[in-house]
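What the coordinates show
Take a look at the letters that make up each chain.
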Amino acid sequence: MTRSGRGVELEGRALVAGEAAGPALVLEAPLSLWGGMDPHTGRLCDHHHPQLGATVTGHVLVMPSGRGSSSSSSVLAEAIRLGTAPLAILLAEPDEILVLGALVAGYLYARTCPIVVLPGDHAGAIATDDRVEVHGDLITVVRSQARSEEPGRPAGEA
Amino acid sequence: MRLSDSDRALLAGAEGPASQLAMRLVVEMGRLAGAAELIDVSSAHIDGCLYHGQAGLDFAERLLGDGAAVRVPTTLNVASLDLLHPRRFRGDPETAGAARRLMDAYVAMGCRQTWTCAPYQLPERPGFGEHVAWAESNAIVFANSVLGARTARYGDFIDICAAITGRVPKAGLHLTGRRRGQLVFDVRALPDGLLDQDVLYPLLGHLVGARSGRLVPVVDGLPAGVDEDRLKAVGAAAASSGEVGLVHVVGSTPEAPTLAEALQHGQPLEVVEVTPAMVRAARDQLTSAGAPEARLVGVNVGTPHFSVAEFGRLVALLAGRPVHPEVEFYASTGRHILARIEALGWLASLEAAGVRLVVDTCTYVTSILEDTAGVVMTSSAKWAWYAPGNLGVRVVLGSLRECVESAVEGRVVRDDALWAGS
């Protein structure tokens with residue numbers, strides 16, 4: 001992890017390479033997109049998830065891992081088709097099911113969703129509403145206004 | 001990754017664009033999993049036939065249009081429509097049309113019209129040590145755990161690619177070392193009375209899955225020879241609350257004659273002592289707040305699809321009594337099981353009692369329920385886990401007996417004796 005003038009830079013491993021930039025949505029628990037996210041609205045609909053009702057659309061989704069159903073590939077591909085998918089997905093461990101959904105969408109619609117694995121301690125450097133930029137393996141995090149106003153707590157140690 | 005000559009030929013497009021794309025995706029998944037090579041599979045089970053939107057249909061029709069055909073025997077999971085009872089579907093005609101096109105595309109690629117999430121109930125099923133490419137999380141757990149066959153956790157898109165190429169990455173649960181039990185759940189503290197109850201098994205699966213995540217769990221301390229329906233319930237629940245693809249049940253599943261063998265003679269990461277309170281907590285997690293006191297509108301059983309033995313228990317518990325007129329009672333199953341219960345004379349008595357049979361699909365993945373405003377009871381942990389998100393209903397998890405008594409009385413009936421002291 002390095003800190004530059006523009007924010008914190010993290011080195012991940014792109015499973016689906018691409019470019020994206022936008023505010024982060026950090027999930028507190030793993031999410032199965034199937035049964036957990038409505039591709040028509042981009043909202044979380046898993047009643048067991050602490051962030052039920054949150055919207056992934058327009059956000060860089062940061063989560064520990066996918067979970068549960070293998071139909072999540074279809075849901076991600078459909079969300080990419082409809083434009084409701086996250087801008088990018090950052091995971092603590094690789095998830096083949098999500099990668100497949102992104103690859104198939106790329107094949108069918110020439111549109112995809114970058115997916116990057118970040119080591120667990122690095123993912124902790126990102127909080128909801130931080131601005132995250134994804135360039136292939138490289139992630140830049142600019143802490144949100146609210147976080148940067150907290151005295152003595154630089155991004156990455158929150 | 002080492003590829004065979006025929007893998008390379010497919011990749012180069014020697015057999016057309018469909019098998020080229022399928023091989024590309026199989027190879028991509030192999031790279032991601034760090035596989036050294038691909039291996040043959042003897043059968044496939046496809047989950048991609050359930051309609052989730054245009055993307056899945058576009059993929060299937062693209063493959064079909066490019067000349068795709070499966071090269072190993074391939075069964076189909078539940079779809080969105082009950083083709084034998086088409087009026088059960090209450091969604092819009094446009095969705096029904098797209099869902100039907102999806103089903104037709106997979107059949108046209110050479111898949112068998114089994115339409116069941118319990119392919120292990122079909123007469124021909126994989127044997128011990130056989131490599132297969134199965135999708136559908138409960139079928140995966142059953143194949144690995146109960147049959148001792150070997151499948152990784154395949155899902156939409158890659159399932160049909162494996163069927164088209166007959167190849168999968170040598171990775172995940174195909175590898176002996178990845179099948180080693182890691183987390184032990186010791187159930188010896190549970191009272192014998194609870195071990196005798198069918199309802200224990202989905203609840204046990206739920207709590208095992210929730211604590212296991214991606215680890216391989218081992219259940220130790222159950223009496224030997226747990227029947228297949230109970231093992232099915234454990235696996236389906238564990239694969240819903242966790243990413244479980246294999247659960248060893250010591251004394252019942254083929255790779256776990258003893259705890260030491262389930263652990264491949266290693267040490268577990270942790271031993272969890274399962275208490276009655278944990279089982280009760282699992283039941284409460286699978287029951288919506290306030291639901292037991294609310295108006296009962298439905299009962300749903302058969303997730304995963306009901307077996308002949310489970311129908312036998314349902315017929316016995318109903319004992320000729322009709323379902324309350326204000327309760328919709330659905331039992332989901334496969335066509336092949338439907339034919340068998342019809343031959344046994346059970347279908348007529350169930351229909352006379354007001355039980356509505358659903359085949360080819362399942363009530364929690366498609367639009368079938370007439371009333372979703374009240375509370376629905378189920379004996380399935382998987383139904384209870386997914387239905388609130390998919391259908392917007394509130395649920396009560398109960399034993400099959402509790403479900404039947406509730407259906408007959410038209411209100412949620414709980415067997416307090418079952419839960420006393422837990």
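Residues numbered from 1 in each chain as written. Chains lettered and ligands numbered in written order. Predicted model: local features only at pLDDT ≥ 70, side-chain atom pairs only at ≥ 80, totals over all residues.

Focus: the overall build of chain B
The number of helices and strands found in chain B is 17 helices and 14 strands. The C-alpha atoms of chain B give 21 Å as radius of gyration, which agrees with the globular expectation for 422 residues (22 Å, within 12%). By principal-axis analysis of the C-alpha atoms, chain B measures approximately 65 × 55 × 40 Å. At a minimum sequence separation of 6, the contacts of chain B that also span at least 24 residues come to 79%. (Helix = DSSP H or I, 4+ residues; strand = E, 2+ residues; numbered from the N terminus. Rg over C-alpha atoms; globule rule 2.2 N^0.38 Å. Contact = placed C-beta atoms within 7 Å.)

Re the domain arrangement of chain B
Residues and elements named next belong to chain B. Its domain assignment divides chain B into domain 1 (5-174), domain 2 (180-284) and domain 3 (288-419). The partner domain 3 presents 18 residues to the 21 residues of domain 1 that form the contact. Split by residue class, the side of domain 1 that touches domain 3 holds eleven nonpolar, seven polar and three charged. (Domains from an automatic or database assignment. Nonpolar A, V, L, I, M, F, W, Y, C, P; charged D, E, K, R; others polar.)

Observations regarding the packing of helix H8 (residues 200-212) of chain B against helix H9 (residues 228-241) of chain B
Residues and elements named next belong to chain B. One can describe the packing of H8 onto H9 by two numbers: an axis separation of 7 Å at closest approach and a directional angle of 35 degrees. Note that H8 runs across H9; the crossing there is right-handed. Of the residues in H9, those touching H8 at Tyr201, Pro202, Leu204, Gly205, His206, Val208, Gly209, Ala210 and Ser212 are Arg230, Ala233, Val234, Gly235, Ala236, Ala237, Ala238, Ala239, Ser240 and Ser241. Split by residue class, the contact of H8 with H9 holds eleven nonpolar, seven polar and one charged. (Axes fitted to C-alpha atoms, helices over the stretch in contact; angles between N-to-C directions. Left-handed = near helix turned anticlockwise from the far one by under 90°.)

Comments concerning the sheet that holds strand E6 (residues 183-186) of chain B
Residue and element names in this part refer to chain B. Spatially, the four strands line up as an open sheet ordered E8-E7-E6-E9, and their pairing is parallel. Edge positions in the sheet fall to strand E8 (248-249) and strand E9 (270-273), since each has one partner strand and no second. As judged from the four bridges shared by E6 and E9, these two strands associate in the parallel manner. Bridge assignment links aspartate 186 to a residue of E9, and that residue is glutamate 273. Sheet contacts for H8: E6, strand E7 (217-220) and E9; angle to E7, the most-contacted strand, approximately 140 degrees. (Pairing = 2+ DSSP bridges.)

Thoughts on the environment of B:Glu310
Residues and elements named next belong to chain B. Structurally, glutamate 310 can be placed in helix H12 (residues 308-318). What makes glutamate 310 buried here is the crowd of 22 C-beta atoms within 10 Å. Distance from glutamate 310 to leucine 400, taken between C-alpha atoms, is 9.3 Å for residues 90 residues apart in sequence. (Buried ≥ 20, exposed ≤ 12 C-beta atoms within 10 Å, placed from the backbone.)

Brief notes about the interface of chain B and chain A
Each side of the interface is counted separately: chain B has 30 residues, and chain A has 28 residues. For the side of chain B that touches chain A, the residue count by class is 14 nonpolar, nine polar and seven charged.

What about the sheet that holds strand E14 (residues 394-397) of chain B?
All names here are of chain B. An order of E12-E11-E10-E13-E14 is seen for the five strands of this open sheet, with the pairing classed as parallel. Lying at the two open borders of the sheet, with one neighbouring strand each, are strand E12 (355-359) and E14. Within this sheet the neighbouring strands show an average axis-to-axis angle of 25 degrees, counted without direction. By the bridge criterion, four bridges tie strand E13 (residues 375-378) to E14 in an arrangement that is parallel. Considered in E14, the bridge of valine 376 is made with valine 395.

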